[in-house]
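# Notes for the structure review
Listed below, chain by chain, are the residues.
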Amino acid sequence: MKILKYIFTLFLLTTVCLSIFIATQKGDYTLKHSKKIEQNSRLIYSYITDIRSFQQWGADALISPTVSEQFIGKNAELTAQNFHSIIKDDNGKDRIIFEVNNYGEKTLHTLSISSLPNDETMIEMESKGNLSFLDRVKSVFYGGIYNLKGENFEKKLNNINFYVVQSVKSFDIEKQNNEYLSDFNYISKSFESKLDDFSEKIIQADKELKKSAQDLKLKYKEDVFVSFYKIGTEESSVYQVEVLLPIQGEAILAETTEKISTGKKSVFYAFKAKLTGDYSHFSSAKNYCVKEIEKIGGSINYDQMSLFKLVRSFSNDFQRDKWETIIYYPIKQIQNTETQSTTTTTATSSSNNATVEIKE
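Residues numbered from 1 in each chain as written. Predicted model: local features only at pLDDT ≥ 70, side-chain atom pairs only at ≥ 80, totals over all residues. Heavy atoms only, no water.

### Observations regarding the sheet that holds strand β6 (residues 105–116)
Adjacent strands of a sheet pair through backbone hydrogen bonds, lying either parallel or antiparallel. Operational definition: Strands pair, by our definition, only if DSSP identifies at least two bridges between them. The way it works is that DSSP assigns letters per residue, a run of H or I at least four long becomes a helix, a run of E at least two long becomes a strand, and they are numbered from the N terminus. It only takes one pair of heavy atoms within 4.5 Å for two residues to be counted as in contact. Orientation is described by lines fitted to C-alpha atoms, with helices fitted over the stretch in contact, and by angles between N-to-C directions that extend from 0 to 180 degrees.
Taken in spatial order, the seven strands of this open sheet run β1-β7-β6-β5-β4-β3-β2, and their pairing is antiparallel. Both outer strands of the open sheet, β1 (28–37) and β2 (66–67), are each paired with one neighbouring strand and no more. Note: β2 against strand β3 (residues 77–80), two bridges, orientation antiparallel. The residue of β3 that forms the bridge with T66 is T79. The sheet strands contacting helix α2 (residues 41–48) are β1, β4 (83–90), β5 (95–102), β6 and β7 (120–130), and the helix crosses β6 at an angle near 160°. Lying on the sheet, helix α5 (residues 145–169) is in contact with β1, β6 and β7; it crosses β1 at an angle near 30°.

### Considerations on the side chain of N40
Our working rule: Exposure categories follow from relative accessible area, calculated using a 1.4 Å probe and restricted to protein chains: below 20% of the type maximum is buried, above 50% is exposed, and the middle band is partly exposed.
On the secondary structure map, N40 appears in the loop between β1 and α2. For N40, a relative accessible area of 2% puts it in the buried group.

### Observations regarding the nonpolar core
Going by this rule: Among buried residues, the Ala, Val, Leu, Ile, Met, Phe, Trp, Tyr and Cys ones that are joined through side-chain atoms within 4.5 Å form a nonpolar core.
Core analysis: the biggest nonpolar cluster contains 39 residues, and I187, F198, I202, V226, V243 and F282 have the highest contact counts within it. For this core, the leading source of residues is helix α6 (residues 198–215), giving six residues. The next biggest cluster of nonpolar side chains, apart from the first, holds 33 residues, and it includes I37, I44, L78 and V100.

### A few points about the packing of α2 against α5
Axis angle and axis distance: for two packed helices, these are the angle between their axes and the distance between the axes, and together they describe the pair. Selection criterion: Convention used here: angles under 35 degrees read as roughly parallel, angles over 145 as roughly antiparallel, angles from 65 to 115 as roughly perpendicular, and any remaining angle as oblique. Gly counts as polar in this scheme, as do all residues outside two lists: the nonpolar Ala, Val, Leu, Ile, Met, Phe, Trp, Tyr, Cys and Pro, and the charged Asp, Glu, Lys and Arg.
It is the contact of α2 with α5, at a shortest axis distance of 11 Å, that shows an interaxial angle of 110°. Relative to α5, the element α2 lies roughly perpendicular. Side by side, α2 and α5 meet where L43, I44, Y47 and I48 of the first sit next to I160, Y163, V164 and V168 of the second. For the contact of α2 with α5, the class distribution of residues is eight nonpolar, no polar and no charged.

### Some thoughts on unusual backbone geometry
Phi at N82 is positive, roughly 60°, even though this residue is not glycine. With respect to the element layout, N82 can be found in the loop between β3 and β4. One non-glycine residue, Y103, lies in the positive phi region at around 55°. Within the secondary structure, Y103 sits in the loop between β5 and β6.

As structure tokens, this is what we get:
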């Protein structure tokens, strides 16, 4: 019995000493991780500052997630059962701070983004938090805080890399029946851009046009149109882009309305196709339309510009591979071709040059 009593006393003393040791250890921690991503920094920033994307890269299996009405930038919130995340700060360029409360455990993630050569990005994440007593106990047996928490934080950066690259490079093109595109009045904004910057600049122009329409008390339709053409030499990668917001009636713009134009598009007959994917694939979609028009013996109407109608965009979904764009490519009306088969093109790009498989 004495031996058992000694063993019990020794165990009790060891437990007390271990508890005191753990309780006196620093509970706060700071962990840092970094990751190089093969996409430009503007795209990475756009993805991260959309709080809707956090459920994809920053949290696991959220139950009934909801987002705030404002879902981009500072004060955007994502809420779920026993979970809350908010963007506490956003400098508008390369630094975003998230505060995350997961089952009562608060963590502050500061993400810094920097551009690298060849349109690559370095993203660094500094995570600060405070360990509960249980986690302090676990950290002793795991061999430190990094072994306890580090893998989960590193996974967040790997998720950003995976989902951003996947959502940009995957796209589909589906041929649809030819039809007339009705005429419409519009206000528009123009800019020059490389293909890789199409999405961010089109999204910004969309927001600015709708804000201008509201300020001018114009009634407008939600789906904007985009037209573009290459400028400079054939080898040039720069395009002239115009974003058009359809409005009811005519707009009279004051001289102080900077960089906003107005006009009217006339009706035209069009070869029609649907692109599902990021706007950086607009040029590939345009080339696809030209080839399909040649197949059916069509003749391009050079008096009109092709128009890309954004029917499912960033406001509907943060996942770029689910964005939908209807393409209207102007052609001269084809006789006796009322019955047309539907051609589906599935394109999956593993690099900047997409490979396309066409099934008739």
